[in-house]
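What follows is the residue order along each chain.
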Amino acid sequence: VAASAEGGFLVGGTGQQPGTGHTDGLLIHLQDDGTTRWVQSYGGTGAEGFFHVATLPDGGIAAVGYSDAGGASGYELWVLRLDEQGKILWERRLGHGLFDSATGVAPAPNGGLMVAGITSEDAFRLDDVWLLRLDSAGDIVWERIFRNPRRDGAWALVTTSEGRYAVAAATESRGAGSTDAWLLGIDDKGHVEWERLYGSELWDRPTALAITSDNGLA
């Protein structure tokens, strides 16, 4: 969910039209009173869906998730740049392995996007955190994959007050237990400025990030 530049809210997710046999990325624009302003679905004949949606400084929208490309390429990371009415300005499908997905998106300087997600190059789903910086046309400025021995994945992303980024990930490769919360501070060149681990011996996983009124993180 994201606040809309026009008022109301944008809700992103996954939808299925009756009789189609596949899912699409779904966006719903709700007005302040909860009534629907517009609904749009995106995708082809495979399985698509959105994990995160963001409103951009120019009033446009970014939506990210996964797209089933079919065949050996499997699922790809999927990024859509939309205008305020949900019309596609550009979209990108990117992949490194059998399962790739975007899980977070935030505005970057000069109209670009910062995207966080997951990439897995094998059938055992040994996922890694994948960060991409895209320019205003959707081309890759840089990308970084954090290679670790076990399953990791980014699940939330925000732009901080300093024009940098905070990424919340789940990691099995480090920390106190089976899965821990892994919080990273990233600059606009993709370098890690700081990181923290949170968790116990059991299963811990972050799913959302927000900026607080004193410019901290929740």
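Just so we're clear, the structure is a prediction, and the values are computed from it rather than from any experiment.

Asks: Before we go on, may I ask you to explain the overall build of the chain in this structure?
Replies: Regarding its fold elements, the chain presents 0 helices and 16 strands. The C-alpha radius of gyration computed for the chain amounts to 17 Å, which stays within 12% of the reference 17 Å derived for 218 residues, consistent with globular compactness. For the chain, the C-alpha atoms occupy an extent of roughly 45 × 45 × 35 Å along the three principal directions. Out of the 218 residues in the chain, the part that is buried amounts to 45%. For the chain, contacts bridging at least 24 residues in sequence account for 40% of all contacts bridging at least 6. When the accessible surface of the chain is split by element, carbon and sulfur atoms take 51% of a total near 10200 Å².

Asks: Help me understand the sheet that holds strand 2 (residues 9-15) in this model?
Replies: As a general point, the strands of a sheet are linked pairwise by backbone hydrogen bonds and lie either parallel or antiparallel. Taken in spatial order, the 4 strands of this open sheet run 1-2-3-4, and their pairing is antiparallel. Sheet topology places strand 1 (2-3) and strand 4 (36-42) at the edges, where each strand pairs with a single neighbour. Pairing analysis gives 6 bridges linking strand 3 (residues 24-30) to strand 4, with the strands arranged antiparallel. Its bridge partner being in strand 4, Leu 27 is matched across the sheet by Gln 40.

Asks: Explanation requested: a nonpolar patch on the surface in the structure shown.
Replies: A surface patch of nonpolar side chains, amounting to about 230 Å² of accessible area, comprises Trp 194, Ile 211 and Leu 217. Relative to the assigned elements, Trp 194 resides in strand 16 (residues 192-198). For Trp 194, a relative accessible area of 31% corresponds to the partly exposed category.

Reading the values: the criteria
- Residues numbered from 1 in each chain as written.
- Predicted model: local features only at pLDDT ≥ 70, side-chain atom pairs only at ≥ 80, totals over all residues.
- Heavy atoms only, no water.
- Helix = DSSP H or I, 4+ residues; strand = E, 2+ residues; numbered from the N terminus.
- Rg over C-alpha atoms; globule rule 2.2 N^0.38 Å.
- Buried < 20%, exposed > 50% of the residue type's maximum accessible area, 1.4 Å probe, protein only.
- Contact = heavy atoms within 4.5 Å.
- Areas by Shrake-Rupley, 256 points an atom, 1.4 Å probe, with all protein chains shown as cover.
- Pairing = 2+ DSSP bridges.
- Patch = residues over 30% accessible without salt bridge, like charges linked within 9 Å, V, L, I, M, F, W, Y side chains within 5 Å.
- Salt bridge = Lys/Arg side-chain N within 4 Å of Asp/Glu carboxyl O.

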